[in-house]
Amino acid sequence: MINILHLRDTDRICGPGKTIIETALAATPGAFTHKIGLFMLDREGHNLYQDAAVKRGIEVVPIRSAHQFDPRIVWTLIRAIKDHDIHLVHAHDYKSELLTWAVSRVLRIPIMTTVHGWIWNHARYKVYWKAAQTVLPRFDKVVAVSGQTRDAVLACG
């Protein structure tokens, strides 16, 4: 059995989130388990994405932090990976890519990401995406969801 932890930073149901849920539901029974590591602040209860995944029978592992830039989240994520016997971490956005790469330096666990596209509509996001792009060449596997995204990923190295 291969245990996969999909990492997502969202509070709503969207394209990438739907893809994660559908992938988990389509997995070969007995061969893979898919869990969703959902980044959440300590003050948050649950959210729409968590509710949707749980309703479909997918385990959600909250990865909690005090604030958006809490460095302790790396250790929280490491603990979750160990506690859930995770064999592969699959990132799905800039925050999860950066944290997945950081965790892989400690645990030496295989890592992959699916690049769903980059949104550049705010200066803050440009900084986040540029940081994430610097770690993409260090992933074991990178999946791009379109030809245009593939070309942008290849340009990262």
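Residues numbered from 1 in each chain as written. Predicted model: local features only at pLDDT ≥ 70, side-chain atom pairs only at ≥ 80, totals over all residues. Heavy atoms only, no water.

Some words on the pairing of strand 1 (residues 2-8)
Counted only if it meets this: Buried means the residue's accessible area, taken with a 1.4 Å probe over protein chains only, is under 20% of the maximum for its type, while exposed means over 50%, and partly exposed covers the values in between. Runs of E in the DSSP output that reach at least two residues are strands. Runs of H or I that reach at least four are helices, and both are numbered from the N terminus. Paired strands, as defined in this entry, are two strands with at least two bridges between them according to DSSP. By the criterion used throughout, a crossover qualifies as right-handed when its path from the first strand across the helix to the second strand runs clockwise, the strands pointing away from the viewer.
Counting buried residues in strand 1 gives six out of seven residues, a clear majority hidden from the surface. Looking at chain direction, strand 1 and strand 2 (residues 32-41) are connected through seven bridges and run parallel. Following the sheet pairing, His6 is matched in strand 2 by Ile36. In this fold, the crossover linking strand 1 to strand 2 by way of helix 1 (residues 15-26) has right-handed handedness. Bridge analysis of strand 1 against strand 4 (residues 88-91) gives four bridges, and the strand direction is parallel.

Looking at helix 4 (residues 94-107)
Selection rule: By this rule, a helix spans an expected 1.5 Å times one less than how many residues it contains.
Taking 1.5 Å per residue as the helical rise, helix 4 with its 14 residues ought to reach 20 Å, and the 20 Å between its terminal C-alpha atoms agrees with that figure. Within helix 4, the full set of buried residues consists of Tyr94, Lys95, Ser96, Glu97, Leu99, Thr100, Val103 and Ser104. Where helix 4 ends, the next residue or the one after it, Arg108, has phi of about 55°, a positive value.

Observations regarding the side chain of Ser65
The line we're drawing: Here a polar contact means two N or O atoms within 3.5 Å. Within protein one must be a hydrogen donor candidate and the other an acceptor candidate, and residues neighboring in sequence count only if both atoms are side-chain atoms.
Tracing the backbone shows Ser65 in strand 3 (residues 59-65). For Ser65, a relative accessible area of 4% gives the class buried. A distance of 3.1 Å separates a polar atom in the side chain of Ser65 from the backbone oxygen of His67.

Let's talk about unusual backbone geometry
Not every positive phi belongs to a glycine, and Asp85 is a case in point at roughly 50°. Its identity is not glycine, yet Arg108 carries a phi of approximately 55°, on the positive side.

Overview of the pattern of salt bridges
Let me state the cut-off plainly: We count a salt bridge whenever a side-chain nitrogen from Lys or Arg sits within 4 Å of a carboxyl oxygen from Asp or Glu.
Evaluated as defined, the whole model comprises seven salt bridges. Across the pair Arg12 and Asp11 runs a salt bridge, and its minimum N-O distance is 3.1 Å. Owing to a relative accessible area of 52%, Arg12 belongs among the exposed residues under this scheme. Arg72 is paired through a salt bridge with Asp70; the nearest N and O atoms lie 2.9 Å apart. Take Arg72: its relative accessible area is 52%, and that puts it in the exposed class.

A word on the environment of Asp9
Selection criterion: Should any heavy atoms of two residues lie within 4.5 Å, those residues are counted as being in contact.
Note that Asp9 resides in the loop between strand 1 and helix 1. Classification of Asp9 as partly exposed rests on a relative accessible area of 26%. Each C-alpha atom, one on Asp9 and one on Leu38, is 6.0 Å from the other, the two residues being 29 residues apart in sequence. If sequence neighbours within four positions are ignored, Asp9 has contacts with Phe39, Asp93 and Lys95.

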